[in-house]
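# Tertiary structure, described
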Amino acid sequence: MTEHASAEAETHTHFIHEIINGDLASGKHTTVITRFPPEPNGYLHIGHAKSICLNFGTAVKYGGRCHLRFDDTNPAKEEVEYVESIQEDIRWLGFDWGDHLYFASDYFQPLYDYAVSLIKQGKAYVDDLTPEQIREYRGNLKQPGKNSPFRERPIAENLDLFERMKNGEFDEGSRILRAKIDMASPNMNLRDPAIYRIKKAHHHRTGDTWNIYPMYDYAHGLSDAIEGITHSICTLEFEDHRPLYDWFLDNLDVPCHPQQIEFARLNLTQTIMSKRYFLRLVNEGHVSGWDDPRMPTLRGMRRRGYPAAALRTLCEKVGVAKSNSIVELAFLESCVRDQLNQTALRRMAVLDPIKLVITNYPEGQFETFEADNNPEDPEAGTRPVLFGRELYIERSDFMEVPPKKFFRLAPGQEVRLKHTYYVTCQEVVKDENGEIVELRCSYDPLSRGGGTEDGRKVRGTLHWVSAAHAQPAEVRLYEPLFPENPDSEKDFAEQLNPNSLKTIQAWVEPALAEGQPGDLFQFLRNGYFCMDADSEPGKPVFNRTIGLVDSWAKMQKNQGSPA
RNA sequence: AGGGGUGUCGCCAAGUGGUAAGGCAGCGGAUUUUGAUUCCGCCAUUCCUAGGUUCAAAUCCUAGCUCCCCUGCCA
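Residues numbered from 1 in each chain as written. Chains lettered and ligands numbered in written order. Predicted model: local features only at pLDDT ≥ 70, side-chain atom pairs only at ≥ 80, totals over all residues. Heavy atoms only, no water.

Our focus in this paragraph is the sheet that holds strand 4 (residues 124-127). Here we have 4 strands laid out as an open sheet, ordered 4-5-6-7, and antiparallel in their pairing. The open sheet has two free edges, formed respectively by strand 4 and strand 7 (212-214), since each of these has just one partner strand. Neighbour to neighbour, the strand axes of the sheet diverge by 20 degrees on average, direction disregarded. Running over the sheet, helix 7 (residues 155-166) touches strand 4, strand 5 (176-179), strand 6 (194-198) and strand 7 and is turned about 60 degrees from strand 4. (Pairing = 2+ DSSP bridges. Helix = DSSP H or I, 4+ residues; strand = E, 2+ residues; numbered from the N terminus. Axes fitted to C-alpha atoms, helices over the stretch in contact; angles between N-to-C directions. Contact = heavy atoms within 4.5 Å.)

The structure is reproduced here in structure tokens:
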């Protein structure tokens with residue numbers, strides 16, 4: 001709906017936009033260029049979504065642009081597979097980088113030249129210390145570090161050694177290029193940080209042409225400057241890297257000096273957002289893969305049925321600030337429900353069936369009713385639903401001995417079957433175990449369409465499917481991977497919810513058999529469901545994206561445990 | 001005396017010296033052919049704490065405290 005689209009477009013202001021407003025007003029900048037710089041070493045998750053929305057959203061807001069730049073400076077960890085999937089996920093989220101797709105590896109030559117310049121200025125040197133020695137010399141949080149014996153190496157020697165590092169003459173770990181800053185700095189990042197290390201690994205783009213690769217701190221700021229980025233937005237943990245970011249730009253002849261600005265990343269309750277953890281979930285078989293609907297990856301959420309718009313709304317509503325925060329899962333869920341309520345087509349499906357026979361309805365007779373596809377959206381139209389003598393209704397919609405305020409079916413109680421007729425339960429049929437197997441009801445022909453002229457009140461309206469027409473479907477019911485907030489002190493595997501996935505067989509109305517994977521539906525009174533890619537012709541599979549708000553369940557729960 | 005951040009309702013978060021927005025959650029109630037949606041009402045005399053400045057402080061000053069991040073040849 002347009003109302004929603006505009007609500008999404010009107011972005012709240014926050015400290016980053018205030019900085020930009022100031023830069024635009026002062027004339028420091030006339031345009032805004034941001035970048036989203038993922039390392040292609042894993043799949044994107046909901047945490048990345050916040051950064052994507054911020055960077056791309058800022059570009060859209062100011063009529064500037066946002067570059068997608070892969071930070072591929074560590075060939076040992078990166079794979080092409082991820083550069084593909086990351087692009088796919090960003091597009092799905094709804095953002096576009098136009099022609100501005102870049103790779104840090106595109107700048108390996110200029111980056112190398114900049115390093116040579118640093119050496120020539122006496123601001124970088126080749127260190128022969130071992131990794132262990134470097135760690136020792138670095139000191140610690142309380143103690144200052146001490147200078148490497150190689151720190152005052154002559155410039156010519158540094159130049160020669162660095163070139164030979166590049167040419168592959170030395171072993172990995174034997175030498176390193178360092179910036180000459182201050183070994184006594186209270187900021188550990190300034191204690192002569194590494195700029196280049198030797199790595200004889202095959203790079204997914206540059207192949208075997210390089211034997212040395214630049215470090216993040218060095219490559220990132222310079223890549224920003226090369227691309228003319230105006231505002232380099234990153235997360236809080238890089239706050240004390242900023243002096244180093246600025247140091248490189250201040251000491252080199254670069255086209256411009258972007259401003260690094262840090263914000264708090266998005267965290268969610270009941271989930272863990274780390275690649276290491278994702279890997280374990282997948283490898284130990286707790287989930288089916290990176291796109292398992294329980295995963296907080298964008299692929300997982302997509303498969304679960306979370307609309308991209310809902311994720312965008314969440315990021316917008318959560319805001320941008322600098323305090324560490326953990327957003328409740330319920331916040332995300334409300335964004336998902338809100339979006340789905342407006343867009344999902346309504347269908348009827350019975351997850352736990354009990355047969356209902358209308359004794360005074362002619363055998364072999366069927367009627368067709370037109371049912372609206374979405375009461376929130378008249379444009380969505382209608383679809384025919386078939387009604388007959390034998391139906392399935394939800395087992396939980398009947399109680400033999402109902403409590404007060406139970407508006408559903410019970411002996412002698414009348415309810416409305418959605419879109420069709422009123423029925424009254426006359427008889428309960430049980431098997432030898434006392435299990436209810438069938439409800440025998442009468443219907444009121446005058447209630448056709450779901451109302452009567454006498455205006456009598458019927459409080460309950462039930463969903464149903466025609467036993468003769470219903471199609472079987474596999475339905476996967478999900479719960480959070482963690483029942484509570486994971487305790488990082490304990491092993492997460494012990495904290496996993498054993499019931500995070502429950503697979504059942506349901507009966508669905510025929511219209512559902514024709515869906516496509518990815519189609520989103522509201523199963524009336526049951527929740528939102530997304531057709532899964534595992535579906536086959538005649539064998540649909542649905543993931544429950546999320547249930548509907550259930551105030552009846554809440555009322556019962558509150559009564560069950562009076563506080 | 002390491003350094004850098006942060007602290008406003010259960011969870012996010014506005015607020016930038018003029019007397020505490022909004023959203024989520026929760027709680028009431030109305031409407032309802034989804035116990036959904038929608039709607040209406042309630043929900044911080046108080047802003048980490050203690051002092052101080054001021055006619056006036058969440059906002060300014062002082063001193064504490066909390067939590068987070070930093071000792072990869074990861075990003």
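Further notes follow.
Once that is clear, we can look at the pairing of strand 16 (residues 414-417). Relative to strand 17 (residues 422-430), strand 16 runs antiparallel, the two sharing 3 bridges. For E414, the partnering residue across the bridge sits in strand 17 and is T424. In textbook terms, the turn of a hairpin is the stretch between consecutive antiparallel strands, and for strand 16 and strand 17 this stretch comprises 4 residues, one of which, H419, has a positive phi near 75 degrees. Pairing geometry for strand 16 and strand 19 (residues 461-462), over 2 bridges, is parallel. Paired with R416 across the bridge in strand 19 is T461.

What follows concerns the sheet that holds strand 12 (residues 353-358). Spatially, 7 strands are ordered 19-16-17-18-12-15-20 in an open sheet, and the strand pairing comes out mixed. One side of each edge strand has no neighbouring strand; the edge strands of this open sheet are strand 19 and strand 20 (464-466).

Moving on to the protein's contact with RNA strand B. Inspection of the region around RNA strand B gives 69 residues, with F407, R408, G449, Q522 and S551 positioned closest. Of all RNA strand B atoms lying within 4 Å of any protein atom, the proportion belonging to sugar or phosphate reaches 65%. For RNA strand B, a sugar or linking oxygen lies 2.9 Å from a polar atom in the side chain of N341. Going through the elements one at a time, helix 6 (131-138), strand 6, helix 12 (308-318), helix 13 (329-343) and helix 14 (551-560) are the ones with two or more residues in the surface near RNA strand B. Here the residues of the surface near RNA strand B sort into 26 nonpolar, 20 polar and 23 charged. (Near = heavy atom within 4 Å. Polar contact = N/O pair within 3.5 Å; in protein donor to acceptor, adjacent residues only side chain to side chain. Nonpolar A, V, L, I, M, F, W, Y, C, P; charged D, E, K, R; others polar.)

Turning next to the pairing of strand 4. Covered by surrounding structure in strand 4 are A124 and V126 together with Y125 and D127, the residues of both alternating faces. With 4 bridges connecting them, strand 4 and strand 5 associate as antiparallel partners. Looking at the pairing, V126 lines up with L177 of strand 5. (Buried < 20%, exposed > 50% of the residue type's maximum accessible area, 1.4 Å probe, protein only.)

Of the residues in chain A, 97% have a pLDDT of 70 or more, and the chain-wide mean is 95. For residues 1-9, every residue scores under 50 in pLDDT, and the model assigns this stretch 7 contacts once sequence neighbours within four places are set aside. (pLDDT = per-residue confidence, 0-100.)

So, on to the nonpolar core. If you look at the biggest cluster of nonpolar residues, it comprises 49 residues, and the most contacted ones within it are I90, L93 and L332. When contributions to this core are tallied by element, the ones reaching two or more residues are helix 3 (46-61), strand 2 (65-70), helix 4 (80-93), helix 10 (275-283), helix 11 (298-304), helix 12 and helix 13. Among the elements that line this core, the one with the most residues is helix 3, at 6 residues. In terms of domain composition, this core takes at least three residues from each of domain 1 (3-103 + 219-331) and domain 4 (471-557). Residue contacts for I90: discarding those within four places in its chain leaves F36, L44, I52, F56, L68, F95 and W97. Among the nonpolar cores identified, the runner-up in size contains 35 residues, and F108, A124, F170 and Y218 belong to it. (Core = buried A, V, L, I, M, F, W, Y, C linked by side-chain atoms within 4.5 Å. Domains from an automatic or database assignment.)

The next thing to look at is the side chain of R389. With respect to the helices and strands, the residue R389 is situated in the loop between strand 14 (382-388) and strand 15 (390-394). With relative accessibility at 16%, the residue R389 sits in the buried group. Within the structure, R389 has its side chain in polar contact with the backbone oxygen of T359 (distance 3.4 Å). Beyond its immediate sequence surroundings of up to four residues, R389 is in contact with L356, V357, I358, T359, Y361, P362, E363 and Q365.

Secondary-structure assignment places V428 in strand 17. Considering only alpha carbons, one finds V428 and G228, 200 residues apart in sequence, at a separation of 75 Å. Excluding anything up to four places from it in sequence, V428 contacts F398, E400, P411, I436, E438 and L439.

Quick look at the side chain of D72 now. With respect to the helices and strands, the residue D72 is situated in the loop between strand 2 and helix 4. One buried charged residue, D72, remains without a salt bridge, the closest side chain of opposite sign being R205 at 5.1 Å. Side chain to side chain, D72 and S105 meet in a polar contact 2.6 Å long. Apart from residues lying up to four places away in sequence, D72 is in contact with P40, E78, F103, A104, S105, F108, H203, H204 and R205. (Lys, Arg positive; Asp, Glu negative; His and termini not counted. Salt bridge = Lys/Arg side-chain N within 4 Å of Asp/Glu carboxyl O.)

All right, on to the environment of P154 then. The residue P154 is located in the loop between helix 6 and helix 7 in this model. By relative accessible area, which is 48% here, P154 ends up partly exposed. Sequence-wise, P154 and Y125 are 29 residues apart; in three dimensions their C-alpha atoms are separated by 8.6 Å.

Within this structure, the stated rule accounts for 0 disulfides. A disulfide-free cysteine, C425 has its sulfur positioned 4.7 Å from the sulfur of C441, the nearest such atom. The class for C425 is buried, based on a relative accessible area of 1%. (Disulfide = S-S within 2.5 Å.)

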